Amino acid sequence: MDELPYKTWQCRTCGYIYDEAVGASDEGLAPGTRWADVPASWVCPDCGTPKSDFDMGELEF
């Protein structure tokens, strides 16, 4: 099975980094959790912006 590479996302509101490969265990997101699979009720742990209003941009390395 050919998995797509994990992506890294940054909150444009506060700069919080979400790395799909790492997840956010403190937020209940296991390593490998894709951004699309993050619950709609999730909020940014740094600024409190809800996912529905989260303006995320994919980082290119």
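Keep in mind the model is a prediction, meaning the values are calculated, not measured.

Trainee: Help me understand the overall build of the protein in this model?
Mentor: Within the protein, the secondary structure is distributed over 0 helices and 3 strands. The secondary structure elements of the protein, listed N-terminal to C-terminal, are β-β-β. The buried share of the protein, reckoned over its 61 residues, is 33%. When the accessible surface of the protein is split by element, carbon and sulfur atoms take 50% of a total near 4,100 Å².

Trainee: Honestly, the side chain of Glu-20 in this entry has me stumped. Any pointers?
Mentor: Mapped onto the elements, Glu-20 comes out in the loop between strand S2 (17-19) and strand S3 (56-58). The exposure class of Glu-20 is buried, given its relative accessible area of 4%. Sequence-distant contacts of Glu-20, that is, excluding residues within four places in its chain, are made with Pro-5, Tyr-6, Lys-7, Trp-9, Pro-31, Gly-32, Thr-33, Arg-34 and Trp-35.

Trainee: Any chance you could explain the packing of aromatic side chains here in plain terms?
Mentor: Any aromatic ring pair is given by two values, namely how distant the centres are and how the planes are angled relative to each other. The tally for this structure, following the rule as stated, stands at 3 aromatic pairs. Arranged with centres 5.9 Å apart and planes meeting at 55 degrees, the rings of Tyr-18 and Trp-35 form a pair that is tilted. Here Trp-35 lies in the loop between S2 and S3 and Tyr-18 lies in strand S2, a separation of 17 residues in the sequence. The two residues Tyr-18 and Trp-35 agree in class, both being buried. Ring geometry for Trp-35 and Trp-42: centres 5.6 Å apart, planes at 90 degrees, overall edge-to-face. Neither residue differs from the other here; Trp-35 and Trp-42 are each classed as buried.

Trainee: Just checking my understanding: could you explain the confidence of the model for the protein for this structure?
Mentor: Do not read the predicted coordinates in detail wherever pLDDT is low. Looking at the protein as a whole, the pLDDT averages 85, with 85% of positions reaching at least 70. Predicted confidence in the protein is weakest over S3, with a mean pLDDT of 60, and strongest over S2, with 89.

Trainee: How should the pattern of salt bridges be read in this particular structure?
Mentor: Pairing is possible between side chains that carry opposite charge, provided their charged atoms lie close to one another. All told, the structure shown has 2 salt bridges when counted by the stated rule. Between Glu-3 and Arg-34 there is a salt bridge whose closest N-O contact spans 3.3 Å. Separated by 31 residues along the polypeptide, Glu-3 in the segment before strand S1 (8-11) and Arg-34 in the loop between S2 and S3 bring together distant segments of the chain. A salt bridge links Glu-20 to Arg-34; its shortest N-O distance comes to 3.3 Å. With Glu-20 in the loop between S2 and S3 and Arg-34 in the loop between S2 and S3, this pair connects stretches of sequence that are 14 residues apart. Residue Arg-34 is classed as buried on the basis of its relative accessible area, which comes to 18%. Each of Glu-3, Glu-20 and Arg-34 takes part in salt bridges that share partners, so that together they form one network.

Parameters and conventions
Residues numbered from 1 in each chain as written. Predicted model: local features only at pLDDT ≥ 70, side-chain atom pairs only at ≥ 80, totals over all residues. Heavy atoms only, no water. Helix = DSSP H or I, 4+ residues; strand = E, 2+ residues; numbered from the N terminus. Buried < 20%, exposed > 50% of the residue type's maximum accessible area, 1.4 Å probe, protein only. Areas by Shrake-Rupley, 256 points an atom, 1.4 Å probe, with all protein chains shown as cover. Contact = heavy atoms within 4.5 Å. Phe/Tyr/Trp six-rings, centres within 6.5 Å; stacked < 30°, edge-to-face > 60°. pLDDT = per-residue confidence, 0-100. Salt bridge = Lys/Arg side-chain N within 4 Å of Asp/Glu carboxyl O.

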